[in-house]
Amino acid sequence: MSSMLDTSPPMMLADAGLSGLTPEDFGEQIPHRVCEEEYQRVVQKFFDNESLITVETPPDEMAKVEELLEARPGFFSTPYVIKTEVEHCPNCGRRNTFLDVVHTALKGPHSPSFLLKVFTGQYGRVVNDRAAQRCVCFECGTTLPPNATKFSAPKPTTDGVLPSY
């Protein structure tokens, strides 16, 4: 039986580009590194949750994500998906997608290079299993309701495997 604990060195808040923040800034959970088995379990639970609306980020918005992250075109081999209770911005009506998640992260403590390191697994598999993520609309800058983004992950391939970048 494999261990659910990640035995690699702990990722400190400063290592994650979060210096100056405290655990209280994250509510009940801090984004944290987990082993591959636990990551797959969390993501599968996310995709199995039928009580939330599933929104796949369209190709033009994934291209914008790559631009914001200063990544090469086509960096993401598959679109990201979010689960939400609020599909559209209450101010401008724009559909809530992974672009809003990345836009929000870049407005906060994260740099493009840090986010690319997260997406490429340089910090291991990282999950943020808070009940909701704060998110700002890319179009109008309105803070979306707390239940607008519950979780985001890459869309699995047709064989159910999560891509690696």
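Cut-offs used in this document
- Residues numbered from 1 in each chain as written.
- Predicted model: local features only at pLDDT ≥ 70, side-chain atom pairs only at ≥ 80, totals over all residues.
- Heavy atoms only, no water.
- Helix = DSSP H or I, 4+ residues; strand = E, 2+ residues; numbered from the N terminus.
- Buried < 20%, exposed > 50% of the residue type's maximum accessible area, 1.4 Å probe, protein only.
- Contact = heavy atoms within 4.5 Å.
- Phe/Tyr/Trp six-rings, centres within 6.5 Å; stacked < 30°, edge-to-face > 60°.
- Salt bridge = Lys/Arg side-chain N within 4 Å of Asp/Glu carboxyl O.
- Pairing = 2+ DSSP bridges.
- Axes fitted to C-alpha atoms, helices over the stretch in contact; angles between N-to-C directions.
- Disulfide = S-S within 2.5 Å.
- Core = buried A, V, L, I, M, F, W, Y, C linked by side-chain atoms within 4.5 Å.

Draft legend 1. Just the overall build of the protein chain, in detail. Across its full length, the protein chain carries four helices and five strands. Listed by position from the N terminus, the elements making up the protein chain come as β-α-β-α-β-α-α-β-β. Looking at the protein chain as a whole, 39% of its 165 residues are labelled buried. Long-range pairs, those at least 24 residues apart, make up 73% of the contacts in the protein chain between residues at least 6 apart in sequence.

Draft legend 2. How the structure looks around helix α4 (residues 112-119). Within α4, burial applies to Pro112, Phe114, Leu115, Leu116 and Phe119. Of the surrounding secondary structure, the elements contacted by the buried residues of α4 are α2 (59-68), β3 (80-84) and α3 (98-107). Gly121 occupies a position one or two residues after α4 and carries a positive phi of about 80 degrees.

Draft legend 3. Structural detail: the packing of aromatic side chains. Applying the stated criterion to the full structure yields seven aromatic pairs. With centroids separated by 5.8 Å and ring planes inclined at 65 degrees, the aromatic side chains of Phe98 and Phe119 adopt a geometry described as edge-to-face. Taken together, the positions of Phe98 in helix α3 and Phe119 in helix α4 put the pair 21 residues apart, joining distant regions of the chain. Accessibility expressed as a relative area gives 1% for Phe98, which makes it buried. Note on Phe119: relative accessible area 17%, which makes it buried.

Draft legend 4. Highlighting the pattern of salt bridges. Per the counting criterion, the structure on display carries seven salt bridges. For Glu38, the salt bridge is made with Arg41, and the minimal N-O distance between the two is 2.6 Å. Residue Glu38 and its partner Arg41 are located together in helix α1 (residues 36-48), separated by three residues, close to a single helical turn. Glu38 gets classed as buried once you look at its relative accessible area, which sits at 15%. Arg41 sits in the partly exposed class, given a relative accessible area of 42%. Close ionic contact of Arg95 with Glu87 constitutes a salt bridge, the shortest N to O distance being 2.8 Å. Residue classification places Arg95 among the partly exposed positions, given a relative accessible area of 36%. Residue classification places Glu87 among the partly exposed positions, given a relative accessible area of 22%.

Draft legend 5. Spatial organisation of the sheet that holds strand β2 (residues 53-56). Across the sheet, three strands lie side by side as β2-β3-β5; this open sheet has antiparallel pairing. Edge strands, defined here as strands with exactly one partner in the open sheet, are β2 and β5 (151-154). If you compare each strand with its neighbour and ignore which way they point, the axes differ by 25 degrees on average. Across four bridges, β2 lies against β3 in antiparallel orientation. Its bridge partner lying in β3, Ile53 is registered against Thr84. α1 rests against β3 and β5 of the sheet, and its axis sits at about 110 degrees to β5.

Draft legend 6. Looking closely at the state of the cysteines. Applying the stated criterion across every chain, the model contains zero disulfides. For Cys89, which is in no disulfide, the shortest distance to another cysteine sulfur is to Cys140 and amounts to 3.7 Å. Free cysteine: Cys92, not disulfide-bonded; nearest cysteine sulfur from Cys137 at 3.6 Å.

Draft legend 7. Spatial organisation of the nonpolar core. Judged by nonpolar contacts, the single largest core of 25 residues is most densely connected at Val65, Leu69, Phe76, Phe98, Leu115 and Phe119. Where this core is concerned, the elements lending two or more residues are α2, β3, α3 and α4. No other element matches α3, which puts five residues into this core. Counting nine residues, the second-largest nonpolar core is a separate cluster that includes Tyr39, Phe46, Phe151 and Ala153.

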